[in-house]
Amino acid sequence: KQWYQRRVRGSAGVQNAVFVQCLNDSPAEAKWVLESGHPAIKGVVAGVNLLDHVTLEQQLDELCQYDKFVGVRHILDMEQEHDWVIGDKVIEGLRRVAARGKTFDFLARPHHLAHVSTLARAIPELKIVIDHIAKPLLSKSLSVCDDWKANMLSAASCPNVYCKISGLVTEVDPASHSTPWTPQTFQDHVTVVLEGFGAERCMIGSDWPVLRLTGANYKSVNELHKTLISGMSKEDQVKITGDNAARFYGLKI
């Protein structure tokens, strides 16, 4: 509790947060956080079994007993098939998640990004947020890749899809995290996201504690995000830095 108060609520000036899963198919992880009593945690996104629907329903029954359970995520890097997320069983699993009024964090890399619009159109009642702007390959080029842009804009054309500006600093030099960066390193990619999704469907996220691999901290990354959206109106900045996440996840603040 002390580190949370210091890093999140104190130094970074963040009052409320959402915990997003680290482990696939691990409701126990989510329940541990849900039962932790951290006052700043207003929502928890869990890892569940999207393939075994009997197990999934049991997991959702348990998790839905907690008011702060807001959605699910699956780390797609753990799956060998790039199209795993649009398999019939996964789509049916996510339909069941949507039926409970819960959201889906789409943790994508560029090769998954084309599937976001497919999934969004297959389950229009499911609210989806793309995590980490789909991790563009910044270590190879700071120029915006045509495929990444086209697939991101295709996702943005679906009204049930949002995008999370997060996880940027770890993609500049994932091998050694020694290459320096500035806000300009990310501005072109973030501009595509802001123009595609608009101020109503963008939000920021920390990617804490993974960001610590780069030597950055919660406060410096939070300030980076604020700089990247500083050209927008104050009203739009408020939406992106908090209001949209609260609306997307249905947080009680």
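Up top is the structure.
Residues numbered from 1 in each chain as written. Predicted model: local features only at pLDDT ≥ 70, side-chain atom pairs only at ≥ 80, totals over all residues. Heavy atoms only, no water.

Draft legend 1. Local environment of the packing of helix 2 (residues 27–34) against helix 3 (residues 53–63). Where helix 2 contacts helix 3, the axes come no closer than 11 Å and their chain directions differ by 0°. By the angle class used here, helix 2 and helix 3 are roughly parallel. Counted together, Pro27, Ala30, Lys31 and Leu34 of helix 2 and Gln59, Glu62 and Leu63 of helix 3 form the full contact between these two elements. Tallied by class, residues from the contact of helix 2 with helix 3 come to four nonpolar, one polar and two charged. (Axes fitted to C-alpha atoms, helices over the stretch in contact; angles between N-to-C directions. Helix = DSSP H or I, 4+ residues; strand = E, 2+ residues; numbered from the N terminus. Parallel < 35°, antiparallel > 145°, perpendicular 65-115°, else oblique. Contact = heavy atoms within 4.5 Å. Nonpolar A, V, L, I, M, F, W, Y, C, P; charged D, E, K, R; others polar.)

Draft legend 2. Quick peek at helix 8 (residues 218–228). Restricting attention to buried positions, one finds in helix 8 the residues Tyr218, Val221, Asn222, Leu224, His225 and Leu228. Buried residues of helix 8 fall within an arc of 155° about the axis and therefore sit on the same side. Looking at where helix 8 begins, the residue whose side-chain oxygen comes 3.1 Å from the main-chain nitrogen of Lys219 is Asn217. (Buried < 20%, exposed > 50% of the residue type's maximum accessible area, 1.4 Å probe, protein only. Arc of directions from axis to C-beta. Polar contact = N/O pair within 3.5 Å; in protein donor to acceptor, adjacent residues only side chain to side chain.)

Draft legend 3. Quick look at the pairing of strand 1 (residues 17–20). Across four bridges, strand 1 lies against strand 2 (residues 41–46) in parallel orientation. Along strand 2, the bridge assignment pairs Val20 with Val45. Note on the crossover from strand 1 through helix 2 to strand 2: the handedness is right-handed. (Pairing = 2+ DSSP bridges. Right-handed = clockwise from strand over helix to strand, strands pointing away.)

Draft legend 4. Local environment of the nonpolar core. Membership of the largest hydrophobic core comes to 63 residues, with the highest contact counts inside it found for Leu94, Ile130, Met152 and Phe197. Contacts of Ile130, omitting those with residues within four sequence positions, involve Phe106, Leu113, Val116, Met152, Ala155, Val161, Tyr162, Cys163, Lys164 and Phe197. Among the nonpolar cores identified, the runner-up in size contains eleven residues, and Val129, Tyr162, Ala245 and Tyr249 belong to it. (Core = buried A, V, L, I, M, F, W, Y, C linked by side-chain atoms within 4.5 Å.)

Shape is all these values report; function is a separate question.
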